[in-house]
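Structural overview for review
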Amino acid sequence: GAVVSQHPSRVICKSGTSVKIECRSLDFQATTMFWYRQFPKKSLMLMATSNEGSKATYEQGVEKDKFLINHASLTLSTLTVTSAHPEDSSFYICSVSEGSRPAADTQYFGPGTRLTVL
Amino acid sequence: AQTVTQSQPEMSVQEAETVTLSCTYDTSESNYYLFWYKQPPSRQMILVIRQEAYKQQNATENRFSVNFQKAAKSFSLKISDSQLGDTAMYFCAFSRNYKLTFGKGTLLTVNP
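The following paragraphs examine the structure supplied in this document. (Residues numbered from 1 in each chain as written. Chains lettered and ligands numbered in written order. Predicted model: local features only at pLDDT ≥ 70, side-chain atom pairs only at ≥ 80, totals over all residues. Heavy atoms only, no water.)

A word on the interface of chain A and chain B. Residue-level contacts link 24 residues of chain A with 19 residues of chain B. Here chain A meets chain B over a buried area of about 1,800 Å², counting both sides, of which 52% is carbon and sulfur. Interface area lost by chain A to chain B is led by Ser43(A), Asp105(A) and Phe109(A), which between them contribute 32%. If you look at where chain A meets chain B, you find one salt bridge. When residues of the side of chain A that touches chain B are traced back to their parent elements, those giving at least two are β4 (32–38), β5 (44–51), β9 (90–97) and β10 (107–109) of chain A. (Contact = heavy atoms within 4.5 Å. Buried area = accessible area lost by both parts, 1.4 Å probe. Salt bridge = Lys/Arg side-chain N within 4 Å of Asp/Glu carboxyl O. Helix = DSSP H or I, 4+ residues; strand = E, 2+ residues; numbered from the N terminus.)

Another point: the pattern of salt bridges. Residues and elements named next belong to chain B. Within the structure shown, the criterion is met by seven salt bridges over all chains. Between Arg-96 and Glu-29 there is a salt bridge whose closest N-O contact spans 3.2 Å. With Arg-96 in strand β10 (residues 88–96) and Glu-29 in the loop between β4 (24–26) and β5 (33–39), this residue pair connects regions lying 67 residues apart in the sequence. Residue classification places Arg-96 among the partly exposed residues on the basis of a relative accessible area of 27%. With a relative accessible area of 29%, Glu-29 lands in the partly exposed category. (Buried < 20%, exposed > 50% of the residue type's maximum accessible area, 1.4 Å probe, protein only.)

Another aspect to go through is the sheet that holds strand β8 (residues 76–81) of chain A. Residues and elements named next belong to chain A. Pairing is antiparallel in the open sheet, where four strands are placed in the order β1-β3-β8-β7. Strands at the two margins of the open sheet, each flanked by one partner only, are β1 (4–7) and β7 (67–73). Neighbour-to-neighbour, the strand axes of this sheet turn through a mean angle of 15 degrees, independent of strand direction. In this sheet, β8 lies alongside strand β3 (residues 19–25) in antiparallel orientation, the contact comprising six bridges. (Pairing = 2+ DSSP bridges. Axes fitted to C-alpha atoms, helices over the stretch in contact; angles between N-to-C directions.)

Below, the discussion takes up the packing of aromatic side chains. Aromatic ring pairs are described here by two measures, namely the spacing of the ring centres and the angle between the planes. A full pass over the atoms with the stated rule returns 14 aromatic pairs over all chains. The interplanar angle of 20 degrees and the centroid separation of 6.3 Å between the aromatic rings of Tyr33(B) and Phe35(B) together place this pair among those described as stacked. Overall, the relative accessible area of 14% leaves Tyr33(B) in the buried class. Among the aromatic side chains, those forming a connected cluster through ring pairs are Tyr36(A), Phe109(A), Tyr33(B), Phe35(B), Tyr37(B), Phe91(B) and Phe102(B). Between Arg43(B) and the ring centre of Phe91(A), over which it is positioned, the NZ or CZ distance is 4.0 Å. (Phe/Tyr/Trp six-rings, centres within 6.5 Å; stacked < 30°, edge-to-face > 60°. Lys NZ or Arg CZ within 6 Å of the ring centre and 35° of its normal.)

Residues and elements named next belong to chain A. Relative to the assigned elements, Asp-88 resides in the loop between β8 and β9. Take Asp-88: its relative accessible area is 5%, and that puts it in the buried class. Among the polar contacts listed, one links the side chain of Asp-88 to the side chain of Lys-66, at a separation of 2.9 Å. If sequence neighbours within four positions are ignored, Asp-88 has contacts with Arg-37, Lys-66, Phe-67, Val-81, Ser-83, Leu-115 and Val-117. (Polar contact = N/O pair within 3.5 Å; in protein donor to acceptor, adjacent residues only side chain to side chain.)

As a further point, take the environment of Lys42(A). All names here are of chain A. Mapped onto the elements, Lys-42 comes out in the loop between β4 and β5. The class for Lys-42 is exposed, based on a relative accessible area of 53%. Each C-alpha atom, one on Lys-42 and one on Ser-18, is 25 Å from the other, the two residues being 24 residues apart in sequence.

Here is the structure:
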C-alpha cells in the first residue's frame, strides 16, 4: 500500500496563531488526498477532499476559511488551521487514494498530527 | 447518505482464540467497497482488509477474513489466532466514489 507521512506529528500553539500541517505521499503521485479530524475515542470525520491543482471540496459544516487546504503538487497537501482556538485541538489525519489503480477506492493514512491550542 | 453501524463498542478475546466483529451498513448503491481498518494505540490507521461489493467471494488476508452478506448489508470481520498485537480500535468503513464513511469503531482487547 501507499506510504504517507505527516509533519509535524505533534504541535502546540497559542490561541490566535496559525498552524500548518503537511501530508506527503512518499511512493506514488496522489491526485486526491483527504483530511480527517478525530476526537478522542471517536471515529474519523472527513473534513475535505484535496485535489491537486484545484480547490478543495469541503464537507458540510467545515469552515473553508478556517481550514485552508492547498494541494500544490502530486505528493504534497497542506492543511492550515488559521486563528486557532482551543476548540480546534484535535487529531488531524490525512490519507491518499490509490486513484486509478485497481484498488481505486482504497485510502492509506498518514500517522496523524496532534494539535493542541492553548 | 450511507451509514455504517458497529454495534459492539468493546470486545475482548483470549490470545490464540477467534473473535468476530460485526458491521452493518445502509446504502442504495450496488457498487461500492467495504473496508476494515485498525487503529492501535499509536493511532496510525492501518488497512486490514478490503471487499469489493461486486465480488461474492469473501476476502481473506492471513488471519483476517470477512463474512460479506450483500443482501443483508452485513460485513463482519473474523480474526483467527488472536495475537496481543491485534489489540486496537477496529473501524468498519464504506466507500463509494472515493468517499469513506466510518462506523464508530469497536475496541478489541486481546488478553494474554
